[in-house]
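Spelled out from the first residue to the last, the chains are:
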Amino acid sequence: MIKFSDIKIGDYVMAEYEGKMWEGEVVRLNGDEKQICVRTDVQEFWFSQDQLHPIPLNEDTLLKLSFAKQPNDDGSVKYMKGSFRIVTPKAGDFSQMEMWYREDRRHNPNVHFVHQLQNHYLDMTKIHLTSSPM
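Colleague: Can you tell me about the side chain of Thr40, naming the residues and giving the values?
Modeller: By secondary structure assignment, the location of Thr40 is in the loop between strand S3 (35–39) and strand S4 (44–48). The exposure class assigned to Thr40 is buried, which follows from its relative accessible area of 13%. Among all residues touching Thr40, those that are not within four sequence positions of it are Trp22, Glu23 and Gly24.

Colleague: Pulling in residues and values, what's your account of the packing of aromatic side chains?
Modeller: Enumeration according to the criterion identifies five aromatic pairs in this entry. Pairing Phe67 with Phe84 gives two aromatic rings, centres 6.2 Å apart and planes at 65°, and the pair type is edge-to-face. In this pair, Phe67 is assigned in the loop between helix H1 (59–64) and strand S6 (68–71) and Phe84 in strand S8 (residues 84–88), connecting sequence segments 17 residues apart. For the pair Phe67 and Phe84, a shared accessibility class is recorded, and that class is buried. Consider the rings of Tyr79 and Phe94, whose centres lie 5.8 Å apart with planes at 35°: the pair is tilted. Of this pair, Tyr79 sits in strand S7 (residues 77–81) while Phe94 sits in the loop between S8 and strand S9 (98–101), and the two are 15 residues apart along the sequence. Taken together, the ring pairs connect Tyr17, Phe45 and Phe47 into an aromatic cluster.

Colleague: Which residues make up the pairing of strand S10 (residues 104–107), and what values go with them?
Modeller: Relative to S10, S9 runs antiparallel, the two sharing four bridges. Directly across from Trp100, in S10, lies its bridge partner Arg105. The hairpin formed by S9 and S10 contains two residues between the paired strands, and Arg102 there has a positive phi angle of roughly 55°.

Colleague: Provide a residue-level description of the pattern of salt bridges, including the pertinent values.
Modeller: Under the criterion given, the structure shown has seven salt bridges. Lys69 serves as the salt-bridge partner of Glu59, at 3.1 Å between the closest nitrogen and oxygen. Of the two residues, Glu59 is situated in helix H1 and Lys69 in strand S6; the sequence distance between them amounts to ten residues. Salt bridges sharing partners connect three or more residues here, namely Arg28, Arg39 and Glu44.

Parameters and conventions
- Residues numbered from 1 in each chain as written.
- Predicted model: local features only at pLDDT ≥ 70, side-chain atom pairs only at ≥ 80, totals over all residues.
- Heavy atoms only, no water.
- Helix = DSSP H or I, 4+ residues; strand = E, 2+ residues; numbered from the N terminus.
- Buried < 20%, exposed > 50% of the residue type's maximum accessible area, 1.4 Å probe, protein only.
- Contact = heavy atoms within 4.5 Å.
- Phe/Tyr/Trp six-rings, centres within 6.5 Å; stacked < 30°, edge-to-face > 60°.
- Pairing = 2+ DSSP bridges.
- Salt bridge = Lys/Arg side-chain N within 4 Å of Asp/Glu carboxyl O.

Right, dumping it as structure tokens:
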């Protein structure tokens with residue numbers, strides 16, 4: 001479950017309906033009833049927050065978000081999208097990371113899921129992170 005206050009329009013989430021999971025994008029929020037409208041590849045549908053699940057942050061999801069990967073000689077890995085950077089200490093280890101955009105640097109932010117990365121990216125760049133290439 002994702003807390004309602006952590007969800008923003010444009011975030012990518014997994015929505016559960018009748019036992020099936022659908023990946024989609026948040027397109028509307030209803031704060032009064034704490035419902036979230038998610039557009040999947042099938043349709044737009046309203047979900048309650050207990051029907052939403054985060055998408056784990058890993059190399060595959062970063063590549064789907066059009067990040068470029070650069071392995072470094074010390075074993076760390078840098079992921080780049082425009083001027084935005086993420087560095088992990090070793091390949092496949094997203095438990096610790098550093099991210100920066102221009103002068104804004106964040107060491108080990110609480111980012112374990114795609115929507116959390118999208119929220120940091122938005123805060124830092126003032127642009128919402130999507131899968132579109134730059």
